[in-house]
Amino acid sequence: MDRRTRGQTVPLTPVDQERNGLTRSVVTTGVPAAWPLPSAAARIPPLAVMGIGSWPRPRWMLEAMLERREGRLADADFEAAAEDAVRLAVGAQIRSGVDVVTDGEQRRDNSASFMSGWLDNCPLIPLPALRPLVDDPETFTSELHPLDVPAAEVRHPAIVGLLGRRQPLAAQEYAFVRTLTERPVKMTLPGPYLLTRLMWVEGIADRVYRSCEHLAEDVVRVLREELRALLAAGVALVQLDEPVLSEAVFAGARHTRRCTGRALSDKGAAALELAFARRLLDRVLAELPRERLAVHVCRGEFTPDERAALAGDYRPLLPLLAEVRVGTLFLELSTPRPGELDVLRDLPDEVRIGVGVVDHNREAIEPMAEIAARARRAVRLFGDHRVLLTPDCGFATFASRPAAPAGVAEAKLRALVEAAELVRRG
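Residues numbered from 1 in each chain as written. Predicted model: local features only at pLDDT ≥ 70, side-chain atom pairs only at ≥ 80, totals over all residues. Heavy atoms only, no water.

Novice: In this structure, what is going on with the pairing of strand 5 (residues 293-297)? I would like to understand it.
Specialist: In summary, the side chains of a regular strand alternate between the two faces of the sheet. Counting buried residues in strand 5 gives 5 out of 5 residues, a clear majority hidden from the surface. Along strand 5, one buried face is formed by Leu293, Val295 and Val297 and the opposite face, lined by Ala294 and His296, is buried too. Taken together, the 4 bridges between strand 5 and strand 6 (residues 328-331) define a ladder with parallel strand orientation. Along strand 6, the bridge assignment pairs Ala294 with Thr328. (Buried < 20%, exposed > 50% of the residue type's maximum accessible area, 1.4 Å probe, protein only. Helix = DSSP H or I, 4+ residues; strand = E, 2+ residues; numbered from the N terminus. Pairing = 2+ DSSP bridges.)

Pasting the structure below:
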C-alpha cells in the first residue's frame, strides 16, 4: 500500500522555500540488501557508572554548529572541531572514573533532531519559519513544550519525501570515540515513538504520509538499519531515548493531540499512545541482542523546578517497561518526581536497571553519602548484579541550554564513582 498522500514534495511558494530551506531535492530511498551481524563487545560490569548521553559543549563547538548550519563552515572543519569537543568530553568522563563512556553527543544540536537532519528527505527547519506552514500553528507550538523543545533555539524536522538512511547516523560518532578509549562505549539514539511524534506535523508530514502510523513504518526501518550498524561495529550498549512516554501518561488536562489522533485528556488516549509506542519499540528491537540494548525514560520537562514537572511514579509505565525487549532500563530516580523505587520491584529479573542517583539539573554536588544511600536502596531491591548507576539524564540535552557546566558535570560523575566504590565495599 502506498504510504503517500498528495505526493513527495511540500508545495510552497518560492519565498517560503527560500526562507526555510525546503528547496532540497527529494531523493529516492533504498533498503540495504544485507544486514551486518553483531560483533563482540566489551562487557559492562555490575554497579558500573556511566553518563546518560549528552555532555555540555564548549562555546566554540556551539559556534561551529551555527556556522555549519548557515553554510559558513566546511564539513571537514566542523568535524575537526567536533573531534576536539569529543576529546574533551571523553577526557572528562575518564578523569571522573566512569566505567562506560559516551561521546557526549557533541555533534548533535539536541538528542532527537540531529538524526532527522541526516535522513533522506527530512531537512531541519528553524521553528519560526516552520510555524506558518503547519495547519494549526498555535497547537503545533504548544505541543513542543512537553517534548522539551525550546522553540526559539532549535530546528525541527520537516518531511519532504519518504524517509531513508543513506549514511550512518551514529556509527561514525562511535568510530571516533573508539579511538580515544578502550572502555566500553554507549551510544544513544532517539526512540521510535519520540521520532514519530516529532516528525508528524499536520500540514507537512501528511503531504507525504497518509497517517502517523505509516510514517512510523519508515522510522522503524531506519532505526533498525542504524542499530544493526552500531552493533556490528562493536558498541557495548545502544540506548534508545523515549522522553515523552511519561508525558503520555502524566499530561493530565493538556489538550494536545498525538499519533493516535486523540487528545491526551480523552479517556483511554494514554493507553492507546503507550500501546502504539510499545508496537514501535517491539518492531525496532525484534531479533536483536537484548543484552546490548537499552531504553531511557525521562520524567518530564527539562527544568529544575519540581513544581512544573510531570509528577507520578512509574506505575502506569510498568506494563511497557516489563515487556519491552531490552536488557537495560535507564530510569530517573534521584528526585521526588518519580515516586518510590519499590514500584519497580516486579520488573523482570533479567533486566538491568540503570538507576538515576544524581540530579543532572542541580548545580550543587550531592554529598557522596546521599548518592551512596540511593544506590544501596537500589541494590537491596534489585541485587547488585542488576544495578547500574547514572545521573538522571544527560547534562546537555539541548546544545545551547546545558543543565550544568562541564566542570559541574565532571564533579557529579566523580562523586557518583566514589559513591559506587563505597557501595561495592559494602
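That covers the picture; the talk isn't over yet.
Novice: I keep staring at the pattern of salt bridges and nothing clicks. Help me out?
Specialist: In this structure the tally under the stated criterion is 25 salt bridges. Two residues, Asp103 and Arg107, come together in a salt bridge whose shortest N-O distance is 4.0 Å. Taken individually, Asp103 and Arg107 each receive the classification buried, so the pair is uniform in this respect. For Glu421, the salt bridge goes to Arg425, with nearest N and O atoms at 3.9 Å. A residue pair is termed a helical-turn pair when its members lie 3 or 4 positions apart in one helix, as Glu421 and Arg425 do in helix 14 (residues 406-425) at 4 residues. The exposure class of Glu421 is partly exposed, given its relative accessible area of 35%. (Salt bridge = Lys/Arg side-chain N within 4 Å of Asp/Glu carboxyl O.)

Novice: Can you walk me through the side chain of Asp206 in this structure?
Specialist: Relative to the elements of secondary structure, Asp206 occurs in the loop between helix 8 (192-199) and helix 9 (212-233). The exposure class of Asp206 is buried, given its relative accessible area of 18%.

Novice: Is there a simple way to think about the packing of helix 8 against helix 11 (residues 269-285) in this case?
Specialist: Angle between the axes and distance between the axes: these two values describe a pair of packed helices. Two numbers describe how helix 8 lies on helix 11: the axes approach to 8 Å, and their chain directions differ by 120°. Facing Pro192, Tyr193, Thr196 and Arg197 of helix 8, the residues of helix 11 in contact are Glu273, Phe276, Ala277, Leu280, Leu281 and Val284. (Axes fitted to C-alpha atoms, helices over the stretch in contact; angles between N-to-C directions. Contact = heavy atoms within 4.5 Å.)

Novice: Where do I start with the environment of Ala158 in this structure?
Specialist: Along the chain, the position of Ala158 falls in the loop between strand 2 (155-157) and helix 7 (171-177). The buried category is assigned to Ala158, whose relative accessible area is 1%. Counting along the chain gives 41 residues from Ala158 to Gly117, while the straight-line C-alpha distance between them is 9.1 Å.

Novice: Help me understand helix 14 in this model?
Specialist: A turn of α-helix holds 3.6 residues, and therefore any two residues three or four places apart point the same way. A rise of 1.5 Å per residue sets the reference length of helix 14, with its 20 residues, at 28 Å; its end C-alpha atoms lie 29 Å apart and thus fit the reference within 8%. For helix 14, every residue scored as buried is listed here: Val408, Ala409, Glu410, Lys412, Leu413, Ala415, Leu416, Val417, Ala419, Ala420 and Val423. Lining the buried residues of helix 14 we find helix 3 (75-96), strand 7 (352-358), helix 13 (368-382) and strand 8 (387-391). Backbone geometry just downstream of helix 14 places Gly426 in the positive-phi region, at approximately 90°. (Expected span 1.5 Å × (residues − 1).)

Novice: Would you explain helix 2 (residues 59-69) in this entry?
Specialist: Burial in helix 2 covers these residues: Met61, Ala64 and Met65. All buried residues of helix 2 lie within an arc of 100° about the axis, which places them on one face of the element. Tucked inside the fold, the buried residues of helix 2 contact helix 3. At the exit of helix 2 stands Gly71, carrying a positive phi of roughly 75°. (Arc of directions from axis to C-beta.)

Novice: Any chance you could explain the packing of aromatic side chains here in plain terms?
Specialist: The way to describe two aromatic rings as a pair is by their centre distance and the angle between their planes. The full count for this structure, using the stated rule, is 2 aromatic pairs. Ring centres of Trp55 and Phe395 lie 5.7 Å apart, and the angle between their planes is 80°; on these two criteria the pair is classed as edge-to-face. Note that Trp55 is positioned in the loop between helix 1 (14-20) and helix 2 and Phe395 in the loop between strand 8 and helix 14, a separation of 340 residues in sequence. Among the residues examined, Trp55 registers a relative accessible area of 5% and is labelled buried. Ring centres 6.4 Å apart and planes at 75° place the aromatic pair Tyr193 and Phe276 in the edge-to-face group. Placement of Tyr193 in helix 8 and of Phe276 in helix 11 is noted, with a sequence separation of 83 residues between them. Judged by its relative accessible area of 0%, Tyr193 falls in the buried class. The exposure class assigned to Phe276 is buried, which follows from its relative accessible area of 3%. Looking at Arg68, its charged tip hangs above the ring of Phe78, at a distance of 4.1 Å from the centre. Above the ring of Phe330, the side-chain terminus of Lys186 is found at 4.2 Å from the ring centroid. (Phe/Tyr/Trp six-rings, centres within 6.5 Å; stacked < 30°, edge-to-face > 60°. Lys NZ or Arg CZ within 6 Å of the ring centre and 35° of its normal.)

Novice: Sorry, what's going on with the pairing of strand 8 here?
Specialist: Most of strand 8 is tucked away: 5 of the 5 residues are buried. Where strand 7 meets strand 8, 5 bridges bridge the pair, whose relative direction is parallel. Each bridged residue has a counterpart across the sheet, and for Gly356 the counterpart in strand 8 is Thr390. Taken together, strand 7, helix 13 and strand 8 form a β-α-β motif whose crossover is right-handed. (Right-handed = clockwise from strand over helix to strand, strands pointing away.)

Novice: Explain the sheet that holds strand 7 here, please?
Specialist: To summarise the sheet geometry, strands pair through backbone hydrogen bonds and adopt either a parallel or an antiparallel arrangement. Reading across the sheet, the 6 strands line up as 3-4-5-6-7-8 and stay open at both edges, with parallel pairing between neighbours. Strands with a single pairing partner mark the edges of an open sheet, and in this sheet they are strand 3 (186-190) and strand 8. Neighbour-to-neighbour, the strand axes of the sheet open up by a mean angle of 25°, direction not taken into account. Those strands touched by helix 9 are strand 3, strand 4 (237-241) and strand 5, and its axis lies near 175° from that of strand 3.

Novice: Quick question: what am I supposed to make of the environment of Pro157 here?
Specialist: Following the sequence through the fold, Pro157 ends up in strand 2. The buried category is assigned to Pro157, whose relative accessible area is 2%. When the C-alpha atoms of Pro157 and Leu198 are compared, they prove to be 7.5 Å apart, with 41 residues separating the residues in sequence.

Novice: Quick question: what am I supposed to make of the confidence of the model for the chain here?
Specialist: Keep in mind that low pLDDT regions are not for reading the predicted coordinates in detail. Of all residues in the chain, 84% have pLDDT values of 70 or greater, and the mean over the chain is 85. In the predicted structure, residues 1-21 sits below a pLDDT of 50 and forms 53 contacts with residues beyond four places in sequence or in another chain. In the model, residues 301-308 has pLDDT below 50 throughout and makes 17 contacts with residues more than four positions away in sequence or in other chains. (pLDDT = per-residue confidence, 0-100.)

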